[in-house]
Amino acid sequence: SKEECDPTYTFEPPGDYAGDGCIKLCQIREKKCKETARQRYESCEHFNKMATIEFGRCVASGLVDCYNNVKSCPSPKKIIPKCEADYRDCYTSCGGFVSNSCDVYEED
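Moving on: helix H1 (residues 17–60). Along its 44 residues, H1 runs 65 Å from first to last C-alpha, staying within 8% of the 64 Å computed at 1.5 Å per residue. All buried positions along H1 are accounted for by Gly19, Ile23, Cys26, Glu30, Lys34, Ala37, Cys44, Asn48, Ala51 and Cys58. Elements in contact with the buried residues of H1: helix H2 (76–93).

Our next topic: the state of the cysteines. Scanning all chains against the criterion turns up six disulfides. A disulfide bridge connects cysteine 26 with cysteine 90, and the sulfur atoms are separated by 2.0 Å. Disulfide cysteine 26-cysteine 90: the torsion about the S-S bond is -80°, which places it as left-handed. Taken together, the residues span a long stretch of sequence, with cysteine 26 in helix H1 and cysteine 90 in helix H2 at a distance of 64 residues. Per residue, the accessibility class of cysteine 26 equals that of cysteine 90, and both read buried. Paired through a disulfide, cysteine 44 and cysteine 73 show a sulfur-sulfur distance of 2.1 Å. The S-S bond linking cysteine 44 to cysteine 73 shows a torsion near -85°; that makes this disulfide left-handed. Note that cysteine 44 is positioned in helix H1 and cysteine 73 in the loop between H1 and H2, a separation of 29 residues in sequence. Here cysteine 44 matches cysteine 73 in class, with each residue buried.

What follows is about the confidence of the model for the protein chain. The share of residues in the protein chain with pLDDT of 70 or more is 93%, and the mean pLDDT across the chain is 91. The secondary structure element of the protein chain with the lowest average pLDDT is strand S2 (residues 97–100), at 93, and the one with the highest is H1, at 97.

In this section: the nonpolar core. Of all hydrophobic cores here, the largest spans seven residues; its members are Ile23, Cys26, Tyr87, Cys90, Tyr91, Cys94 and Val98. At the level of secondary structure, the elements contributing two or more residues to this core comprise H1 and H2. When residues in this core are grouped by element, the largest group, three residues, is from H2. Once residues lying within four places of it in the same chain are set aside, the contact partners of tyrosine 91 are Phe11, Glu12, Pro13, Ile23, Cys26, Gly96, Phe97 and Val98.

Quick notes on the rules
Residues numbered from 1 in each chain as written. Predicted model: local features only at pLDDT ≥ 70, side-chain atom pairs only at ≥ 80, totals over all residues. Heavy atoms only, no water. Helix = DSSP H or I, 4+ residues; strand = E, 2+ residues; numbered from the N terminus. Expected span 1.5 Å × (residues − 1). Buried < 20%, exposed > 50% of the residue type's maximum accessible area, 1.4 Å probe, protein only. Contact = heavy atoms within 4.5 Å. Disulfide = S-S within 2.5 Å. pLDDT = per-residue confidence, 0-100. Core = buried A, V, L, I, M, F, W, Y, C linked by side-chain atoms within 4.5 Å.

Dropping the structure here:
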């Protein structure tokens, strides 16, 4: 079986003005991606708290047709790796080089 590797990424910038400017945009995009993931999760959790309270009130009032509208919230832990992968792709497309500690290069 293939051993699990937790990669460490090394970023080598393109080293030119345009490339560095391009990478700054990648960084902004990644930060926004992560913030959005956290905000969506928090608002989903807030919605669930309210839905649970409403459901409890409905049940307590003796009504029969009470619906629990709690939904599953996408964990930021699942979305953030995608933000980071997108950042690495963006970095590369700006002319930078990303190496991964888990990649084993064959020696000639």
